[in-house]
Number of protein chains: 2
Amino acid sequence: MAYKSDIEIAREAQKKPIQEIGAKIGIDGEALLPYGHDKAKVSQDFINSVQSKKNGKLILVTAINPTPAGEGKTTTTVGLGDGLNRIGKNAMVCIREASLGPNFGMKGGAAGGGMAQVVPMEEMNLHFTGDFHAITSAHSLLSAMIDNHIYWGNELEIDVRRVQWRRVVDMNDRALRQITCSLGGVANGFPREAGFDITVASEVMAILCLAKDLEDLQKRLGDMIVAYRRDRSPVYCRDIKADGAMTVLLKDAMQPNLVQTLENNPAFVHGGPFANIAHGCNSVIATTTALKLADYVVTEAGFGADLGAEKFLNIKCRKAGLSPDAVVLVATVRAMKMNGGVAKADLGDENVDAVKKGCPNLGRHIENLKSFGVPVVVAINHFVTDTDAEVQAVKDYVTEHGSEAIVSRHWELGSEGSADLAMRVAEIADSGKSQFSPIYPDDMSLFEKIETIAKRIYRADEVLADKKIRDQLKLWEEQGYGNLPVCMAKTQYSFSTDPNLRGAPTGHSVPVREVRLSAGAGFVVVVCGEIMTMPGLPRHPAAESIMLNADGQIEGLF
Amino acid sequence: MAYKSDIEIAREAQKKPIQEIGAKIGIDGEALLPYGHDKAKVSQDFINSVQSKKNGKLILVTAINPTPAGEGKTTTTVGLGDGLNRIGKNAMVCIREASLGPNFGMKGGAAGGGMAQVVPMEEMNLHFTGDFHAITSAHSLLSAMIDNHIYWGNELEIDVRRVQWRRVVDMNDRALRQITCSLGGVANGFPREAGFDITVASEVMAILCLAKDLEDLQKRLGDMIVAYRRDRSPVYCRDIKADGAMTVLLKDAMQPNLVQTLENNPAFVHGGPFANIAHGCNSVIATTTALKLADYVVTEAGFGADLGAEKFLNIKCRKAGLSPDAVVLVATVRAMKMNGGVAKADLGDENVDAVKKGCPNLGRHIENLKSFGVPVVVAINHFVTDTDAEVQAVKDYVTEHGSEAIVSRHWELGSEGSADLAMRVAEIADSGKSQFSPIYPDDMSLFEKIETIAKRIYRADEVLADKKIRDQLKLWEEQGYGNLPVCMAKTQYSFSTDPNLRGAPTGHSVPVREVRLSAGAGFVVVVCGEIMTMPGLPRHPAAESIMLNADGQIEGLF
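Residues numbered from 1 in each chain as written. Chains lettered and ligands numbered in written order. Predicted model: local features only at pLDDT ≥ 70, side-chain atom pairs only at ≥ 80, totals over all residues. Heavy atoms only, no water.

1. A look at the nonpolar core
Step number 1: A:Leu142, A:Leu250, A:Leu362, B:Leu142, B:Leu250, B:Leu258 and B:Leu362 are the most contacted members of the largest nonpolar core, which totals 328 residues.
Step number 2: Look past the residues within four positions of B:Leu250 in its chain and what remains in contact with it is B:Ala134, B:Ile135, B:Ala138, B:Val204, B:Leu208, B:Leu217 and B:Leu221. (Core = buried A, V, L, I, M, F, W, Y, C linked by side-chain atoms within 4.5 Å. Buried < 20%, exposed > 50% of the residue type's maximum accessible area, 1.4 Å probe, protein only. Contact = heavy atoms within 4.5 Å.)

2. Here's the deal with the UniProt feature "binding site: ATP" (unreviewed entry) in chain A
Residues and elements named next belong to chain A.
Step number 1: Under the UniProt annotation, "binding site: ATP" (unreviewed entry) lies at Thr67, Pro68, Ala69, Gly70, Glu71, Gly72, Lys73 and Thr74.
Step number 2: Setting aside anything within four residues of it in sequence, one finds Pro68 in contact with Met338, Lys344 and Arg502.
Step number 3: Relative to the helices and strands, Gly70 resides in the loop between strand E3 (57-63) and helix H4 (73-86).
Step number 4: When near neighbours in sequence (up to four residues on either side) are disregarded, Gly70 contacts Thr332 and Phe383. (UniProt positions renumbered as here; feature names shortened; annotations may be inferred. Helix = DSSP H or I, 4+ residues; strand = E, 2+ residues; numbered from the N terminus.)

3. Section: the side chain of B:Arg174
Step number 1: By secondary structure assignment, the location of B:Arg174 is in the loop between strand E8 (167-169) and strand E9 (179-181).
Step number 2: We note that B:Arg174 is buried and unpaired, the nearest opposite charge coming from B:Asp173 at a distance of 7.2 Å.
Step number 3: Among the polar contacts listed, one links the side chain of B:Arg174 to the side chain of A:Asn148, at a separation of 2.6 Å.
Step number 4: In this structure the side chain of B:Arg174 is engaged in a polar contact, spanning 2.7 Å, whose partner is the backbone oxygen of B:Leu537.
Step number 5: Sequence-distant contacts of B:Arg174, defined by excluding residues within four places in its chain, comprise A:Asn148, A:Tyr151, A:Trp152, A:Ala187, A:Asn188, B:Met534, B:Pro535, B:Gly536 and B:Leu537. (Lys, Arg positive; Asp, Glu negative; His and termini not counted. Salt bridge = Lys/Arg side-chain N within 4 Å of Asp/Glu carboxyl O. Polar contact = N/O pair within 3.5 Å; in protein donor to acceptor, adjacent residues only side chain to side chain.)

4. Notes on unusual backbone geometry
Among all residues save glycine, negative phi is the norm, and among peptide bonds the norm is trans.
Step number 1: With omega at 5°, the peptide bond leading from A:Val119 into A:Pro120 counts as cis.
Step number 2: If you trace the backbone, A:Pro120 turns up in the loop between strand E6 (116-119) and helix H6 (121-124).
Step number 3: Positioned with a positive phi, A:Asn154 is a non-glycine residue whose angle comes to about 55°.
Step number 4: Checked against the element boundaries, A:Asn154 lands in the loop between helix H7 (131-151) and strand E7 (158-163).
Step number 5: Of the residues examined, A:Asn154 reaches a relative accessible area of 18% and is grouped as buried.
Step number 6: For B:Asn264, which is not glycine, the phi torsion reads 65° and is therefore positive.
Step number 7: Along the chain, B:Asn264 falls in the loop between strand E14 (257-261) and strand E15 (266-269).
Step number 8: For B:Asn264, a relative accessible area of 12% puts it in the buried group.

5. Some thoughts on the relation of the copies chain B and chain A
What relates the pair of chain copies is a rotation about an axis plus a shift along that axis.
Step number 1: Taken as rigid bodies, chain B and chain A are interconverted by a rotation of 180° and an axial shift of 0.0 Å, the fit giving an RMSD of 0.0 Å. Look at the turn and shift together and you get a two-fold axis relating the two. Proximity to the rotation axis, assessed at the C-alpha, singles out B:Tyr35 in chain B; its C-alpha lies 2.3 Å from the axis. (Least-squares fit on C-alpha atoms with pLDDT ≥ 70 in both.)

6. Side note on the side chain of A:Ser418
Residues and elements named next belong to chain A.
Step number 1: Here Ser418 shows up in helix H18 (residues 415-430).
Step number 2: Classification of Ser418 as buried rests on a relative accessible area of 0%.
Step number 3: There is a polar contact of 2.7 Å between the side chain of Ser418 and the backbone oxygen of Gly79.
Step number 4: Not counting residues up to four positions away in its chain, the partners in contact with Ser418 are Gly79, Leu80, Gly83, Ser408 and His410.

7. Description of the interface of chain B and chain A
Step number 1: Taken together, the contact pairs 62 residues of chain B with 62 residues of chain A.
Step number 2: Roughly 5500 Å² is buried in total at the junction of chain B and chain A, and carbon and sulfur atoms are behind 66% of that figure.
Step number 3: Salt-bridge contacts for A:Arg167 lead to B:Asp173; the nearest nitrogen and oxygen are separated by 2.9 Å.
Step number 4: Across the contact surface, chain B and chain A share 29 residue pairs in polar contact (both at pLDDT 80 or more).
Step number 5: Elements supplying a minimum of two residues to the side of chain B that touches chain A: strand E1 (32-34), helix H7 (131-151), E8, E9, helix H11 (243-250) and strand E25 (547-548) of chain B.
Step number 6: Here the side of chain B that touches chain A takes ten residues from H7(B), the largest share from any one element. (Buried area = accessible area lost by both parts, 1.4 Å probe.)

8. Considering the environment of B:His508
All names here are of chain B.
Step number 1: Following the sequence through the fold, His508 ends up in the loop between strand E21 (486-489) and strand E22 (509-511).
Step number 2: Along the backbone, His508 and Ser408 are 100 residues apart, and their C-alpha atoms lie at a distance of 35 Å.
Step number 3: Ignoring sequence-local partners within four residues, the contact set of His508 consists of Tyr458, Arg459, Ala460, Asp461, Glu462, Phe495 and Ser496.

9. A look at the pairing of E15(B)
Residues and elements named next belong to chain B.
Step number 1: Burial of the side chains of E15 extends over both faces: Pro266 and Phe268 are buried on one face and Ala267 and Val269 on the other.
Step number 2: Summarising the sheet, strand E4 (residues 91-95) and E15 pair through three bridges and their orientation is parallel. Looking at E15, one finds that Cys94 is bridged to Phe268.
Step number 3: Two strands pair when backbone bridges link them, and E14 and E15 are joined in this way by three bridges, in the antiparallel orientation. Bridged to Val259 within E15 is Ala267. (Pairing = 2+ DSSP bridges.)

10. Here's the deal with the sheet that holds strand E24 (residues 523-527) of chain A
All names here are of chain A.
Step number 1: Spatial ordering of the open sheet is given by E21-E24-E23, a layout of three strands whose pairing is mixed. At either margin of the open sheet sits one strand with a lone partner, and together these are strand E21 (486-489) and strand E23 (514-518). On average, each strand axis in the sheet is inclined to that of its neighbour by 25°, with strand direction left out of account.
Step number 2: For E21 and E24, the ladder comprises four bridges, and the chain directions are parallel. Bridging across to E24, Val486 finds its partner in Val524.
Step number 3: Seen against the sheet, helix H13 (residues 305-320) touches E21 and E24 and runs at an angle of roughly 170° to E21.
Step number 4: The strands touched by helix H20 (residues 467-481) are E23 and E24; relative to E23, the strand with the most contacts, the crossing angle is about 15°. (Axes fitted to C-alpha atoms, helices over the stretch in contact; angles between N-to-C directions.)

11. Observations concerning the pairing of E23(A)
Every regular strand shows the same layout, with side chains that alternate between the two sheet faces.
Residues and elements named next belong to chain A.
Step number 1: Bridge analysis of E23 against E24 gives five bridges, and the strand direction is antiparallel. Looking at the pairing, Leu517 lines up with Val524 of E24.
Step number 2: The loop that links E23 with its antiparallel partner E24 comprises four residues; one of these, Gly522, has a positive phi angle of about 95°.

12. Quick word on H18(A)
Because an α-helix completes one turn every 3.6 residues, residues spaced three or four positions apart along the sequence face the same direction.
Step number 1: The largest bend in H18(A) amounts to roughly 35° and is located at A:Leu421.
Step number 2: Among the residues of H18(A), those classed as buried are A:Ser415, A:Gly417, A:Ser418, A:Ala419, A:Leu421, A:Ala422, A:Val425, A:Ala426, A:Ile428 and A:Ala429. (Bend = angle between axes of the 7 residues up to and from the residue.)

13. Section: empty space enclosed by the protein
Step number 1: Under the criterion given, the structure shown has seven cavities of 30 Å³ or more.
Step number 2: Estimates place the volume of the largest cavity at around 250 Å³.
Step number 3: Around the largest cavity sit 22 residues that line it, and A:Thr136, A:Val169, B:Thr136, B:Ser140 and B:Val169 are the ones nearest its centre.
Step number 4: Of all the secondary-structure elements, those providing two or more residues to the lining of the largest cavity are H7 and strand E8 (167-169) of chain A together with H7 and E8 of chain B.
Step number 5: A breakdown of the residues in the lining of the largest cavity according to their chemical character gives ten nonpolar, eight polar and four charged. (1 Å grid on protein atoms, 1.4 Å probe; cavity = no way out; pocket = protein on both sides within 12 Å on 5 of 7 lines; lining within 4 Å. Points joined across faces, edges and corners; volume = space filled by probe spheres on them. Nonpolar A, V, L, I, M, F, W, Y, C, P; charged D, E, K, R; others polar.)

14. So, the state of the cysteines
Step number 1: Evaluation of the coordinates by the stated rule reveals zero disulfides over all chains.
Step number 2: Lacking any disulfide linkage, A:Cys237 is separated from the closest cysteine sulfur, that of A:Cys209, by 17 Å.
Step number 3: Lacking any disulfide linkage, B:Cys487 is separated from the closest cysteine sulfur, that of B:Cys281, by 9.2 Å.
Step number 4: Overall, the relative accessible area of 0% leaves B:Cys487 in the buried class. (Disulfide = S-S within 2.5 Å.)

15. Overview of the pattern of salt bridges
Step number 1: Scanning all chains against the criterion turns up 52 salt bridges over all chains.
Step number 2: B:Asp442 is the partner of B:Arg318 in a salt bridge, and the nearest nitrogen-oxygen pair spans 2.7 Å. With a gap of 124 residues between them, B:Arg318 in helix H13 (residues 305-320) and B:Asp442 in the loop between helix H18 (415-430) and helix H19 (446-456) connect regions that are remote in the sequence.
Step number 3: B:Arg318 sits in the buried class, given a relative accessible area of 17%.
Step number 4: The partner of B:Arg459 in a salt bridge is B:Glu367, with the nearest N and O atoms 3.0 Å apart. Pair noted here: B:Arg459 is in the loop between H19 and strand E20 (462-464) and B:Glu367 is in helix H15 (residues 352-370), with a separation of 92 residues, a long-range link.
Step number 5: Of the residues examined, B:Arg459 reaches a relative accessible area of 23% and is grouped as partly exposed.
Step number 6: Taken together, the salt bridges that share partners define one network made up of A:Lys15, A:Asp38, A:Lys39 and A:Glu123.

As structure tokens, then:
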């Protein structure tokens, strides 16, 4: 049987006017700021007006460690949302926005797949409602104002060798990773080393996604450390007087974007911080607003549960006062097989032994998630090539490990395929069994927080960090930053820091290469291994074949 | 009497839903893609559907050489549009979009003033509908793809010393004017000198504003020269295969933006190329679409008539097949006084002699405009401090020089103040007296085109250009670019290349410092004197005092 491509399905979507979608969750036309006929921002006045409402149930969708086989986390998030609506629940989906740049590198798309998609897909992968452009602008304004301050006399005594604030662009442009700027003589400033990251790696992005409201946004922007003086004392964004104008530039970007699923159910698509040097979740304002509008809110976190769910729970939930009622852990038979040692080319062949061999990765994630006090259900995101015996092997494994696994066929069938999953997830969320608590307290030392995650989540024996790093952490504690959570940046492919170590490794070490303070976002980034904050384009970028066809449709983007 | 500030007036505007504004000119709701409730893009399908309609009359608003006193060209454009509607005509205004970056340097705003404004003012000076962000993205994609091509083997044999394509950002960031990129080792590419311009200086901006439709847009993007090989042969954007993806990124930006005046009349605000290294007019697609929807279309061109009107007539009208029916030349008593030698601080004192002494600047522009075969009327943009005797002095001068001057009080009174001007302009436009023709033919040599403008418009004795420049022009002629118009880049403050030479100078020389080929936009840029393609921020940027006030309103932007 031949299946349609994601873009073919998306183009055939019977979209309803966004005002109709808004009406489903009680947002009237005046409170929606439309962007075309199928996207809208929700006004701040409306958000303020629903604050006294009761919260709905919060459901997190996370996954096993990603493999090249694909897990379908967003697809399952969307499918579960549609499934809940199908069984008569009032449910919303909250996912992240896509970064523009990477779509021109590898064929991409971050709006689900098959019959479980959010639309308009093309626009979500291009400019959408301009949020990321606003973040680029706000970030760039601060960059320009820092060098401008130095140019006009450097009253703040910034050490030009210690400017921490890099520039950003929403494009994969490796040539900008490391540059020398302000060349060309007196009129252009004082030459110094500088560089660009991709926009989603900006601390402004992380802040936008963690801020409660515009006031909190401006405070956090002001708190960002942009440079140090020769005496190592920090210079803040507030000292540069950029926080007010940045807030003005981000005013609209702070409002959540409403779109719809293929089944015309409401979805917020808002924010998209990197899942390595930031926390990788959609915005707090979207999640908290959705909880006021829907009885069930399904959201997701970046990468596998060891990174994404850990940060969602220890950072986003802690800081926003959120408490998940259920966690759905997505696994696929194909990914289990890859964890069990099967090559991508051989995934089409039935291999129950390999499935069984790969299951410990799943088991470890179940255990970890339970340690946060949240009920866990495994969603087997069904691929049409999965055999019954393979599926049964996963189910059996999960049952043996004290959880339950439910097959979901949303990719193929939409909500008809996810109704069973939805039914069970709603039951669990309604059960009141969740007793969520982060796995470390605020007042633990920064290094102990790192150790807690490394030992309890990654199951490492030890954390390796040289004296310089431990001293830095202590200094931040003395400066009042000790109460912050830590944001781990490591490979998403393994529980360990070695991307090739699949399954459920033990006995490894976690080497900390670097620590960075994101004082505005409110976390300490712990870099374990290489992290890339400015991707490059491949030899043949997808952009080469992206174009408008004769019908004015976009080709090559997906 | 105390007058309200522009922003106070704009905030009190009784805006109508943009659908109502569209309905006035026959655009139905489905053809409007709303951005909020007060802005919308006009769909390409709708634009296609009106092509068989008769064109309305085209009215260009231009001005004397700008002085620090201000001329109010946009204000007069908006006031005249409202005046025409007041006297029962069906009229539209077409103006440019504002660049975001400069608003954070000096207090700015480019939406008219007083009672003659286009709204929503704040948004027009911030992200608006994201057109400039789309241009930045498209430009940045090509930048990244060029360095990426070199990185992966440089099959096109680009000479890295001769990459012509710079990068852009919509921010005043002098530190990026000249940089060294691709530092940091093998993974980051081949180090080379590079630099950033502000987005409005991008050739992509000029192309967007000159392209007839998306097909023409893609062809022009493909035609851009991005680099040269060691043998000096050009490498085109098309060779990099970026033109298709850039067109996709610019798809929405190509659609004109509909907004409204304070008096709820329709206005297109679309495109904004630099008036020095580009042609400085709003988009061809907005102007040609407006001509299908309204009986009178009032538009403007950047800087004074020697630069803006010359390019509007010789470049935009020639290339788009447009023919203006009337030209309105804006002058103010204050600017006449400054041309007559009065300092800004003394402008409040009556000084009829100085007015008379400054008038020759006005007279020269009248003569020049008439040489294009278009009827000219002078609009005296009335300031509340102007005395009757001063106004009469301007009127008398204009009458003596074979034209007519009409006082317009739109700033103070809105359309009530511009009705007389509107009446006369409509009569002239309807008279059929315009016999427009550019002042040089396509088949004249490039150097002779430069000489024609220098001698007939600037009244210079000669053009100075060394052999290297003349040889370059000849080479381009041999390569088939000889039929292009020339785009002059010189100071806007004088007919000459010396910004301090006010009035109506003669006997000067025009030194050509550099020539640049904009093969996609379709003109040869002739640089006479210093031109700035990346502005800097002042010692105390406006951004320092831009913020949201307690009511959520933007302070400090205007």
